[in-house]
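Structure assessment
Residues per chain are reported as follows:
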Amino acid sequence: QAKAEERNSYRFFMPTTRASVIDRLSLEGDLRHAIAHDELVVHYQPLVELSGGTIIGAEALVRWQHPQRGLIPPDEFIPLAEESGLIIDIGEQVLRQVCRDLGRWRDSGLQAGRISINLSARQFRRDGLAASIHRSLTESGIGGRQLAFEVTESVVMHDLEHTAQVLTEIRELGASISLDDFGTGYSSLAYLRRLPIDILKIDRSFVRDLHLEPDAAAIAHAVIAMAHKLGLGVVAEGVECAAQLALLREFDCEEGQGFLFSRPLPPEQYAIILKQGRLPLASPPADAPRRP
Ligand code: C2E
Ligand code: MG
Ligand code: MG
Ligand code: MG
């Protein structure tokens, strides 16, 4: 199985050998081709309200539909896309696809909710990010409130002042801002005071051990309480089992995302579950005790 995985995946971090340099160049070429030939697709992972299971939106996650290799996950090409600058084109394609899907859903009477889009550091280092978002919104007739943008602490770290400025511009379009993978970067707390942020996304690593390690639970609980005191919303990522969900509810975490509710879905499938309005696994059991 390890063999099969190796054959099907690109691994190009830190090329040191001649062969890997050539591989890397070939991946870059393939990726350029993919961008030009619409091989990048966007999947949507539902975000649910933890109290009742209502779908409140989704995170847009890019995949590469490779004609030979099948669906390639973002971790296998985003790092190279960031290094090579191709992330600029990818970012614009993802944004346009999301706006197009939102337009389609609106036209068929569906409430798609808030769609989150991930942003890379490189996209901030270039002028005109907010302007390009504004253009996509105008072209598709989508309101900025329908979008949220996710940045990680490492993105913010590059240039705090500049990033805060651009995030403010994006927010002026009506979009909200989430701090992604919260708790995995450096000096997170300092950023919270200086950045225009609406939502904290608790990193999957804390959620994973929530029901297993008291320390992970304590951190998650404290982060949720702190976010609320700061007037921020909280999303738990990577919710995989009922025990984690129960604790998150106990800690008053309002939103979650994870395989327990749904994997990331192609747009047509996301539309199907939108019609249902809620996700069964996320709904509390009918006999669940009410908390005082
Ligand atoms: P992320 O933004 O933290 O996205 C969440 C990742 O966690 C997704 O992986 C999602 O499929 C995965 N996930 C969700 N629920 C669960 C769960 O219950 N268990 C587990 N084990 N995993 C779960 P994915 O789609 O492979 O994306 C990986 C990363 O690639 C993203 O992490 C994000 O940093 C990046 N990425 C994805 N799409 C884009 C994009 O359009 N632009 C940029 N710049 N980065 C992107
Ligand atoms: Mg994200
Ligand atoms: Mg994340
Ligand atoms: Mg991540």
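Structural notes, computed from the coordinates. Model, not experiment: these values are computed from the prediction.

1. Here we look at the packing of helix 6 (residues 129–140) against helix 8 (residues 160–172)
- One can describe the packing of helix 6 onto helix 8 by two numbers: an axis separation of 9 Å at closest approach and a directional angle of 15 degrees. On the basis of their axis angle, the class for helix 6 and helix 8 is roughly parallel. The handedness of the crossing between helix 6 and helix 8 comes out as right-handed. Between helix 6 and helix 8, the contacting residues are Leu 129, Ala 130 and Ile 133 on the first element and Val 166, Glu 169 and Ile 170 on the second.
- Tallied by class, residues from the contact of helix 6 with helix 8 come to five nonpolar, no polar and one charged.

2. Remarks on the layout of surface pockets
- What the largest pocket holds in volume is close to 1300 Å³.
- Surrounding the largest pocket, 48 residues form its lining, Glu 59, Leu 61, Pro 74, Asp 75 and Asn 118 being those nearest its centre.
- Examining the composition of the lining of the largest pocket, we find that seven residues originate from one element, helix 4 (residues 87–107), more than from any other.
- Partitioned by chemical class, the residues of the lining of the largest pocket number 21 nonpolar, 12 polar and 15 charged.

3. Thoughts on the packing of aromatic side chains
- Enumeration over the complete set of coordinates arrives at four aromatic pairs.
- Geometrically, the ring pair formed by Tyr 44 and Tyr 270 is stacked, given 5.7 Å between the ring centres and 20 degrees between the ring planes. In this pair, Tyr 44 is assigned in strand 1 (residues 40–49) and Tyr 270 in helix 13 (residues 267–276), connecting sequence segments 226 residues apart.
- Here Tyr 44 falls in the buried class, since its relative accessible area comes to 0%.

4. Overview of the pattern of salt bridges
- Counting across every chain of the model gives nine salt bridges.
- Residue Arg 114 is joined to Glu 255 by a salt bridge in which the shortest nitrogen-to-oxygen separation is 3.1 Å. Placement of the pair is Arg 114 in strand 4 (residues 114–118) and Glu 255 in strand 9 (residues 255–257), with a sequence separation of 141 residues. With respect to burial, Arg 114 and Glu 255 carry one shared label: buried.
- One salt bridge connects Lys 201 with Glu 150, and the closest N-O pair in it is separated by 2.7 Å. Separated by 51 residues along the polypeptide, Lys 201 in strand 7 (residues 199–202) and Glu 150 in strand 5 (residues 147–152) bring together distant segments of the chain.
- By relative accessible area, which is 1% here, Glu 150 ends up buried.

5. Comments concerning the nonpolar core
- Val 98, Ile 115, Leu 147, Phe 149, Ile 170 and Tyr 270 are the most contacted members of the largest nonpolar core, which has 86 residues in total.
- Ranked by the residues each element gives to this core, the list is headed by helix 4, at nine residues.
- Residues contacting Tyr 270, with those up to four places away along its chain left out, are Tyr 44, Pro 46, Ile 55, Gly 57, Ala 58, Trp 105, Ala 112, Ile 115 and Leu 265.

6. So, the coordination of the magnesium ion (ligand 3)
- In this structure, Asp 180 (OD), Asp 181 (OD), Glu 237 (OE) and Glu 237 (OE) serve as the protein donors to the magnesium ion (ligand 3), at separations of 2.2 to 2.8 Å.
- Here the donor residues of the magnesium ion (ligand 3) share one chain and are spaced in sequence as D-D-x55-E.
- A separation of 3.7 Å is found between the magnesium ion (ligand 3) and the magnesium ion (ligand 2), which are bridged by Asp 180. With Asp 180 in strand 6 (residues 176–182) and Glu 237 in strand 8 (residues 233–237), this residue pair connects regions lying 57 residues apart in the sequence. No difference in accessibility class separates Asp 180 from Glu 237, as the two residues are buried.

7. Some points on the site of ligand 1
- Around ligand 1, 23 residues are found, and the nearest of them are Arg 63, Ser 120, Arg 204, Glu 240 and Phe 259.
- With respect to ligand 1, the side chain of Ser 120 contributes an N or O atom lying 2.8 Å from a nitrogen atom.
- With respect to ligand 1, the side chain of Asp 180 contributes an N or O atom lying 2.9 Å from an oxygen atom.
- Protein chains bury 85% of the 800 Å² of accessible surface belonging to ligand 1 in isolation.
- In this structure the site holding ligand 1 corresponds to the largest pocket.
- For the shell around ligand 1, the elements supplying multiple residues, two or more each, are strand 2 (55–66), helix 4 and strand 6.
- The biggest single contributor to the shell around ligand 1 is strand 2, with four residues.
- In the shell around ligand 1, the residues fall into nine nonpolar, five polar and nine charged.

Criteria and thresholds
Residues numbered from 1 in each chain as written. Chains lettered and ligands numbered in written order. Predicted model: local features only at pLDDT ≥ 70, side-chain atom pairs only at ≥ 80, totals over all residues. Heavy atoms only, no water. Axes fitted to C-alpha atoms, helices over the stretch in contact; angles between N-to-C directions. Helix = DSSP H or I, 4+ residues; strand = E, 2+ residues; numbered from the N terminus. Parallel < 35°, antiparallel > 145°, perpendicular 65-115°, else oblique. Left-handed = near helix turned anticlockwise from the far one by under 90°. Contact = heavy atoms within 4.5 Å. Nonpolar A, V, L, I, M, F, W, Y, C, P; charged D, E, K, R; others polar. 1 Å grid on protein atoms, 1.4 Å probe; cavity = no way out; pocket = protein on both sides within 12 Å on 5 of 7 lines; lining within 4 Å. Points joined across faces, edges and corners; volume = space filled by probe spheres on them. Phe/Tyr/Trp six-rings, centres within 6.5 Å; stacked < 30°, edge-to-face > 60°. Buried < 20%, exposed > 50% of the residue type's maximum accessible area, 1.4 Å probe, protein only. Salt bridge = Lys/Arg side-chain N within 4 Å of Asp/Glu carboxyl O. Core = buried A, V, L, I, M, F, W, Y, C linked by side-chain atoms within 4.5 Å. Donors = N, O, S within 2.8 Å, 3.2 Å for Na, K, Ca; no water. Near = heavy atom within 4 Å. Polar contact = N/O pair within 3.5 Å; in protein donor to acceptor, adjacent residues only side chain to side chain. Areas by Shrake-Rupley, 256 points an atom, 1.4 Å probe, with all protein chains shown as cover. Sits in = over half its atoms within 2 Å of the grid points.

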